[in-house]
Structures are given as C-alpha cells and as structure tokens.
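Each chain, written out:
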Amino acid sequence: MPEQKRQTLLEAAETEFTRVPFFEASIANIVKSAGISRGSFYQYFQDKDDLYFFLLEDKLKMAKIYFSALLEKHQGDLIEALIELQNYFLLALSDEEEKQLLKNALLYTTHRVESSFTSIWDTYLEKEEFKKVGELINRSYLDVTAEKELLHIFKIVSALAFNNLIEKTVKGLSDEEAIQSFKLSMNLLKHGIYKRNL
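Conventions adopted
Residues numbered from 1 in each chain as written. Predicted model: local features only at pLDDT ≥ 70, side-chain atom pairs only at ≥ 80, totals over all residues. Heavy atoms only, no water. Core = buried A, V, L, I, M, F, W, Y, C linked by side-chain atoms within 4.5 Å. Buried < 20%, exposed > 50% of the residue type's maximum accessible area, 1.4 Å probe, protein only. Helix = DSSP H or I, 4+ residues; strand = E, 2+ residues; numbered from the N terminus. Salt bridge = Lys/Arg side-chain N within 4 Å of Asp/Glu carboxyl O. Phe/Tyr/Trp six-rings, centres within 6.5 Å; stacked < 30°, edge-to-face > 60°. Axes fitted to C-alpha atoms, helices over the stretch in contact; angles between N-to-C directions. Parallel < 35°, antiparallel > 145°, perpendicular 65-115°, else oblique. Contact = heavy atoms within 4.5 Å. Nonpolar A, V, L, I, M, F, W, Y, C, P; charged D, E, K, R; others polar. Arc of directions from axis to C-beta. Left-handed = near helix turned anticlockwise from the far one by under 90°. Expected span 1.5 Å × (residues − 1). Polar contact = N/O pair within 3.5 Å; in protein donor to acceptor, adjacent residues only side chain to side chain.

Asks: Could you give an account of the nonpolar core, with specific residues and numbers?
Replies: Of all hydrophobic cores here, the largest spans 48 residues; its most connected members are Phe17, Phe41, Leu51, Phe67 and Leu78. Looking at this core, the elements that each hand over two or more residues are helix H1 (3-19), helix H2 (27-34), helix H4 (48-73), helix H5 (78-92), helix H9 (147-171) and helix H10 (175-191).

Rendered as structure tokens:
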C-alpha cells in the first residue's frame, strides 16, 4: 500500500476510534472513509484489534522519546521526569480529539491496553531502550543497587500513572487535580511512607 494510502487509512481509523468506543467501531466505516477495499485493509492488519493497538502504540512511541529528553532536562531525576511526562499525557487529554481517543482506550481497559500504556517502561519488551533510559537516570538519587530493583520502581510508577489517567478520564478530574494527585503519589514514593527513625 502506498504511504499516502496507508496514512489515509490510519487517519480514518483514528477518526472512527475517536467517534465511538472500540467495540462499536466498524472496519466497514474505516475502509469506506479511507477509500480502500476491505481486502487492502487485511493486507496490513489482521483485524480491528491489530489496527487499534498499532494506532495506540504509535501514539505512545512519542512519549518514550519525550521521556528520555525529560530525563536529560531534569539531570536524571526520575521522579521529576515522570511528573512532567504525566503532565504531557494529561495535557493530551485536554485536546478534545485526543481526549476522546484516550478516553475510549481507557474505557476499553484490558490487559493489552494497560500494557500499551505501561510499555513506556517495559524492560522485557525493549531491553535496549530500557538500557538507554537507565543510563540517563541519576542513580545517586535512588536507594537501589540492582537493575531488578529499578525494574520494580518502573512497574510501580507505571501502575500509578495509568491509574491516574483512568481517574482523570472516568472521574472527570481537572488537569490540576489529576497532576496534584500524581505528584502526591510520586512524593510518597520519593520520600517513603515510613518514618526515617523506624
């Protein structure tokens, strides 16, 4: 499929997934809007799920690149970089089209949707990428000694970030309420929940 036609298909798919929740989206509407045959669609995507997750993960690739830039900006401070990255996602939710697309994704929460969002920090799938990100983190800020511990930090943070996006979307939190809630979580993580003299 020529690049122009492929782009038209992706734009049609994004429009459809923004218009309705995933389970209501129609391949027939997508191919009609893109002006391609159903056969052409199946040359590139197995089914609606395949196209949906291709689109979602393509959008999240930019966040991965941005995260590395944020680590550099904050001199390797993991928490500050994560807070700014979360702010980036929350601002994306302020754009009406992006908001509806992400809302539909979050309301269609499955393990695979959650995995797409948390893959920003997924060391199992992208070890080389994680290694690059790991080198940008200022370890002197962290009370960890092993990569395994760093992996667990990323798992905890990704769960908190994903939950924050769901709260923002489902509960209708304002941008300020959502980012303050995330900052509170990050500060608890940063300083711990136990008193230092225990």
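On we go from here.
Asks: I'd love a proper account of unusual backbone geometry, names of residues and values included.
Replies: The backbone of glutamine 75 sits at a positive phi, close to 50°, despite the residue not being glycine. Locating glutamine 75 in the fold gives a position in the loop between H4 and H5. On the accessibility criterion, glutamine 75 (56% relative accessible area) is exposed.

Asks: So, the pattern of salt bridges: which residues are in play, and what are the values?
Replies: Taken as a whole and judged by the stated rule, the model has five salt bridges. A salt bridge links glutamate 80 to lysine 190; the shortest N-O distance between them is 3.8 Å. With glutamate 80 in helix H5 and lysine 190 in helix H10, this pair connects stretches of sequence that are 110 residues apart. Judged by its relative accessible area of 31%, glutamate 80 is partly exposed.

Asks: Give me the packing of aromatic side chains: which residues, what numbers.
Replies: The relation between two aromatic rings is expressed through the spacing of the ring centres and the mutual angle of the planes. By the definition in use, this model includes six aromatic pairs. Ring centres of phenylalanine 17 and tyrosine 52 lie 4.9 Å apart, and the angle between their planes is 80°; this geometry places the pair in the edge-to-face category. With a gap of 35 residues between them, phenylalanine 17 in helix H1 and tyrosine 52 in helix H4 connect regions that are remote in the sequence. Here tyrosine 52 falls in the buried class, since its relative accessible area comes to 4%.

Asks: Any chance you could break down the packing of H1 against H4 for me, citing the residues and the numbers?
Replies: In the contact formed by H1 and H4, the axes pass within 11 Å of each other and the chain directions differ by 95°. Classified by the angle their axes make, H1 and H4 are roughly perpendicular. For the pair H1 and H4, contact is made by Arg6, Leu10, Ala13, Glu14 and Phe17 and by Lys48, Leu51, Tyr52, Phe54, Leu55 and Lys59, respectively. Classifying every residue of the contact of H1 with H4 by side-chain character gives seven nonpolar, no polar and four charged.

Asks: Which residues make up H2, and what are the values?
Replies: Looking only at H2, the buried set comprises Ile27, Ile30, Val31 and Ala34. Buried residues along H2 cover an arc of 90° about the axis, so they all sit on one side. In H2, the exposed positions that point more than 90 degrees away from the buried face belong to Lys32 and Ser33. Looking at the packing, one finds that the buried side of H2 touches H1, helix H3 (38-44) and H4.

Asks: I'd like a rundown of the packing of H9 against H10, residues and numbers included.
Replies: Look at H9 against H10: their axes get within 10 Å of each other, and the N-to-C directions meet at 160°. By the angle class used here, H9 and H10 are roughly antiparallel. Between H9 and H10 lies a crossing whose hand is right-handed. Facing Ile156, Val157, Leu160, Ala161, Asn164, Glu167 and Lys168 of H9, the residues of H10 in contact are Asp175, Ala178, Ser181, Phe182, Ser185, Met186 and Leu189.

Asks: Break down H9 for me, with residues and values.
Replies: Spanning 25 residues, H9 covers 35 Å between terminal C-alpha atoms, matching the ideal 36 Å at 1.5 Å per step. Turning to H9, its buried residues number three or more, namely Leu150, Leu151, Ile153, Phe154, Val157, Ser158, Ala161, Phe162, Asn164, Leu165, Lys168 and Thr169. One or two residues past the end of H9 sits glycine 172, with phi positive at roughly 70°.

Asks: Before we move on, can you summarise the side chain of glutamate 16 with the specific residues and values?
Replies: You can see glutamate 16 is positioned in helix H1. A relative accessible area of 5% places glutamate 16 in the buried class. Of the polar contacts made by the side chain of glutamate 16, one reaches the backbone nitrogen of serine 26; its length is 2.9 Å. The contact partners of glutamate 16, leaving out residues within four places of it in the chain, are Glu24, Ala25, Ser26, Asn29 and Ile30.

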